[in-house]
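The lines below spell out each chain.
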Amino acid sequence: MTDLAAYAGLFLAALLAATILPMQSEAVLVGLLLVDYSPWPLIAVASVGNVLGSVINWVLGRGIERFRGRRWFPMNHAQLQRAQMWYRRYGKWSLLLSWLPVVGDPLTVVAGVLREPFRVFLVLVTAAKVGRYLVLAAVTLSVI
């Protein structure tokens, strides 16, 4: 595998994993770490892709309310209500949990729906996503 293909694959996996599509980027990152790719560029590429996917969710959230009743709508009413309740209860700080499976992606959509300012959103989501990849890389490389 060429370096470009490896990094592009990781970027795409991280981007798609951050959207509401059911994907995982962690396995791709771990696999590349285990075949001796340098951790810092991998962490950077995965983080940029994952944050960009969350930004897409935020943008979708800004305009998604008008499509709520449609059959193709990506979340059912209960999921959206649960995420909105969580977000209203914990506010912007809940975005620090955006790295979590299942609840993280809907939180980023809800942040858009509830009009969280983009700068605040970006800072908190970036901290969460980069932190997750740093810990994953450290554990994989037996640093911690």
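Here the structure is a predicted model, which means the values were calculated and not measured.

What counts as what
Residues numbered from 1 in each chain as written. Predicted model: local features only at pLDDT ≥ 70, side-chain atom pairs only at ≥ 80, totals over all residues. Heavy atoms only, no water. Helix = DSSP H or I, 4+ residues; strand = E, 2+ residues; numbered from the N terminus. Expected span 1.5 Å × (residues − 1). Buried < 20%, exposed > 50% of the residue type's maximum accessible area, 1.4 Å probe, protein only. Contact = heavy atoms within 4.5 Å. pLDDT = per-residue confidence, 0-100. Core = buried A, V, L, I, M, F, W, Y, C linked by side-chain atoms within 4.5 Å. Phe/Tyr/Trp six-rings, centres within 6.5 Å; stacked < 30°, edge-to-face > 60°. Lys NZ or Arg CZ within 6 Å of the ring centre and 35° of its normal.

Points about helix α1 (residues 3–18)
In an α-helix, one full turn covers 3.6 residues, which means residues spaced three or four apart are oriented alike.
Part 1 of the reasoning: The terminal C-alpha atoms of α1, which comprises 16 residues, lie 23 Å apart, in line with the 22 Å expected from a rise of 1.5 Å per residue.
Part 2 of the reasoning: Residues of α1 that are buried include every one of A6, L10, A13, A14, L15, A17 and A18, and no others.
Part 3 of the reasoning: Next to the buried residues of α1 lie α2 (26–34), α3 (39–63), α5 (104–113) and α6 (118–140).

What to know about the confidence of the model for the chain
Part 1 of the reasoning: Within the chain, residue pLDDT values average 89, and 95% of them lie at 70 or more.
Part 2 of the reasoning: Across the chain, element-level confidence peaks in α6 with a mean pLDDT of 97 and bottoms out in helix α4 (residues 77–90) with 79.

Concerning the nonpolar core
Part 1 of the reasoning: If you look at the biggest cluster of nonpolar residues, it comprises 13 residues, and the most contacted ones within it are Y87, L95, V110, A111 and F121.
Part 2 of the reasoning: Listed by contribution, the elements that provide at least two residues to this core are α3, α4, α5 and α6.
Part 3 of the reasoning: The residues contacting V110, other than those within four sequence positions of it, are L80, A83, Q84 and Y87.

Section: the side chain of N50
Part 1 of the reasoning: As for its placement among the helices and strands, N50 is situated in helix α3.
Part 2 of the reasoning: Residue N50 is classed as buried on the basis of its relative accessible area of 1%.
Part 3 of the reasoning: Ignoring sequence-local partners within four residues, the contact set of N50 consists of A14, L15, A17, A18, S25, K129, R132 and Y133.

Here's the deal with the packing of aromatic side chains
Part 1 of the reasoning: If you walk through the whole model with that rule in mind, you get four aromatic pairs.
Part 2 of the reasoning: Judged by centre distance (5.7 Å) and plane angle (85 degrees), the ring pair of Y7 and Y37 falls under edge-to-face. With Y7 in helix α1 and Y37 in the loop between α2 and α3, this residue pair connects regions lying 30 residues apart in the sequence.
Part 3 of the reasoning: In this structure Y37 comes out as buried when scored by relative accessible area, which is 14%.
Part 4 of the reasoning: Ring geometry for W58 versus F118: centroids 5.0 Å apart, planes at 55 degrees, classification tilted. A residue pair is termed long-range when its members are at least 10 positions apart, and W58 in helix α3 and F118 in helix α6 qualify at 60 residues.
Part 5 of the reasoning: A cation over an aromatic ring shows up here: R132 above the ring of Y133, its NZ or CZ 4.3 Å from the ring centre.

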